[in-house]
Amino acid sequence: MKDIFSSITKKYERFNVISSFGAYKLWLAGMMRQAPISLADDVLDIAGGTGDVTFAVLRASHPTHIQCTDLVPEMLDVARAHLASEPRTPAGDATCAGVPAAFEVVDAQDIPYADESYDAAIMAYGIRNMPDRPRALFEMYRVLKPGGALVCLEFSTPPNAAWRALYNFYLKHLIPFWGGLITGDKAGFVYLTKSIKAFPDQQGLANLMKQAGFAEVTWKNYTGGIAAVHVAIKPEGER
Ligand SMILES: C[S@@+](CC[C@H](N)C(=O)[O-])C[C@H]1O[C@@H](n2cnc3c(N)ncnc32)[C@H](O)[C@@H]1O
């Protein structure tokens, strides 16, 4: 996993646009509309990669602070470089939309933060890549305050059979070829399509979230269910 993402770091953003069929920005905007994040919140970005989600949250919701984490240091180096190109505060602090962001290498399956320390956790295209998903979801649950939300954007399963068949054909035959041609990294796209096919559908992911302790879990489909944004709430008064 580490090798795949550290080897594609430089072309990652192009890879993202291709792998989501160009819809990445649309889905990210949908995620921002669904994310219950407010001005007072301290937010944890899980598997934050090169920082797209972190910067989108900072611009859309202006929380108090955001912690952008990822397993691969090279991905966070790109995120830091993006932040460095933003205007600084008069004191010289690096911010985006006036909000400070911090970056740290973190394995989501073993989060080094205290229980109940974040108001919201957000994660795009992360959980699919984690070998121990129940543990990762439990770790996110643990670090959220009661009433806090996990917002998760991931590839999913189109419910309509005809759309699903067309999409599966596209995934299997066109994406590895097209992605390989553009980025020169066919293996990365073969991994991507296999991981999407093997990933639980909308209900399956909601079940995993409930098993981790989340109470209310809802989701919204994008592009006919090729992607879905789940919002899972940690119950009030629970540990
Ligand atoms: C497809 S990228 C998504 C990055 C970012 N969220 C975005 O939307 O651009 C997946 C990221 O998950 C990270 N990742 C994989 N396994 C992880 C783990 N166990 N803990 C934290 N991050 C992980 C990878 O390093 C990679 O940056």
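Residues numbered from 1 in each chain as written. Predicted model: local features only at pLDDT ≥ 70, side-chain atom pairs only at ≥ 80, totals over all residues. Heavy atoms only, no water.

### What to know about the packing of aromatic side chains
Our working definition: Pairs were defined over the aromatic rings of Phe, Tyr and Trp, the Trp ring being its six-membered one, requiring ring centres within 6.5 Å. Orientation was assigned from the angle between planes: stacked under 30 degrees, edge-to-face over 60, tilted for the rest. Partly exposed residues are those whose accessible area sits between 20% and 50% of the maximum for their type, while under 20% is buried and over 50% is exposed, using a 1.4 Å probe and protein chains only. Secondary structure elements follow DSSP: runs of H or I of four or more residues count as helices, runs of E of two or more count as strands, with numbering from the N terminus. Note on criteria: charge over ring means Lys NZ or Arg CZ within 6 Å of the ring centre, with the direction from the centre no more than 35 degrees off the ring normal.
What the rule picks out here adds up to 6 aromatic pairs. Taken together, a centroid distance of 5.7 Å and an interplanar angle of 55° make the contact between Tyr113 and Tyr118 tilted. Of the two residues, Tyr113 and Tyr118, both sit in the buried class. Between Tyr125 and Phe155, the aromatic rings sit 5.3 Å apart at their centres with planes inclined by 40°, giving tilted as the arrangement. One end of the pair, Tyr125, is in the loop between β5 (118–124) and α6 (133–143); the other, Phe155, is in strand β6 (residues 144–155), and 30 residues separate them in sequence. The class for Tyr125 is buried, based on a relative accessible area of 10%. The rings of Tyr24, Trp27, Tyr125 and Phe155 are connected pair by pair, giving a single aromatic cluster. Just above the ring of Tyr222 sits the side chain of Lys220; from NZ or CZ to the centre is 5.4 Å. When the ring centre of Tyr141 is taken as origin, the NZ or CZ atom of Lys234, which lies over that ring, is 4.5 Å away.

### Focus: the UniProt feature "binding site: S-adenosyl-L-methionine" (unreviewed entry) in the chain
Definition in use: UniProt positions are given in the numbering used here, feature names are shortened, and annotations may be inferred rather than shown by experiment. Polar contacts, as counted here, are pairs of nitrogen or oxygen atoms within 3.5 Å of one another; within protein the pair requires one atom able to donate a hydrogen and one able to accept it, and residues that are adjacent in sequence qualify only if both atoms are side-chain atoms.
As recorded in UniProt, the sites labelled "binding site: S-adenosyl-L-methionine" (unreviewed entry) are Thr50, Asp70, Asp107 and Ala108. By secondary structure assignment, the location of Thr50 is in the loop between β1 (42–46) and α4 (52–61). Among the residues examined, Thr50 registers a relative accessible area of 2% and is labelled buried. Along the chain, Asp107 falls in the loop between β4 (99–105) and β5. Here the side chain of Asp107 touches Gln109 through a polar contact of 2.9 Å, landing on its backbone nitrogen.

### Let's talk about the site of the ligand
Quick reminder of the rule: We define proximity as follows: a residue is near a molecule or strand when any one of its heavy atoms falls within 4 Å of that partner. Each residue gets one of three labels, nonpolar for Ala, Val, Leu, Ile, Met, Phe, Trp, Tyr, Cys and Pro, charged for Asp, Glu, Lys and Arg, and polar for the others, Gly among them.
Near the ligand, the surroundings consist of 21 residues, among which Ala47, Asp70, Asp107, Ala108 and Ala124 are the closest. At 3.3 Å, a backbone N or O of Leu71 approaches a nitrogen atom of the ligand. Within the side chain of Asp107, a nitrogen or oxygen atom sits 2.9 Å from a nitrogen atom of the ligand. Considered class by class, the residues forming the shell around the ligand number 14 nonpolar, 5 polar and 2 charged.

### What about the sheet that holds β5?
Put simply, the test is: Pairing between two strands is assigned when DSSP locates at least 2 bridges connecting them. What makes two residues a contact is simply this: any of their non-hydrogen atoms within 4.5 Å. As a rule, the C-alpha atoms of each element are fitted with a line to give its axis, helices using only the stretch in contact, and angles between N-to-C directions run from 0 to 180 degrees.
Overall, mixed pairing links the 8 strands, which are arranged β3-β4-β2-β1-β5-β6-β8-β7 in an open sheet. Either end of the sheet is taken by a strand with one partner, and the two such strands are β3 (95–96) and β7 (217–222). Sheet topology places β1 next to β5; 4 bridges connect them, and they run parallel. Bridging across to β5, Leu44 finds its partner in Ala121. Its contacts with the sheet place helix α9 (residues 202–211) against β6, β7 and β8 (227–233), and it is angled at close to 155° to β7.

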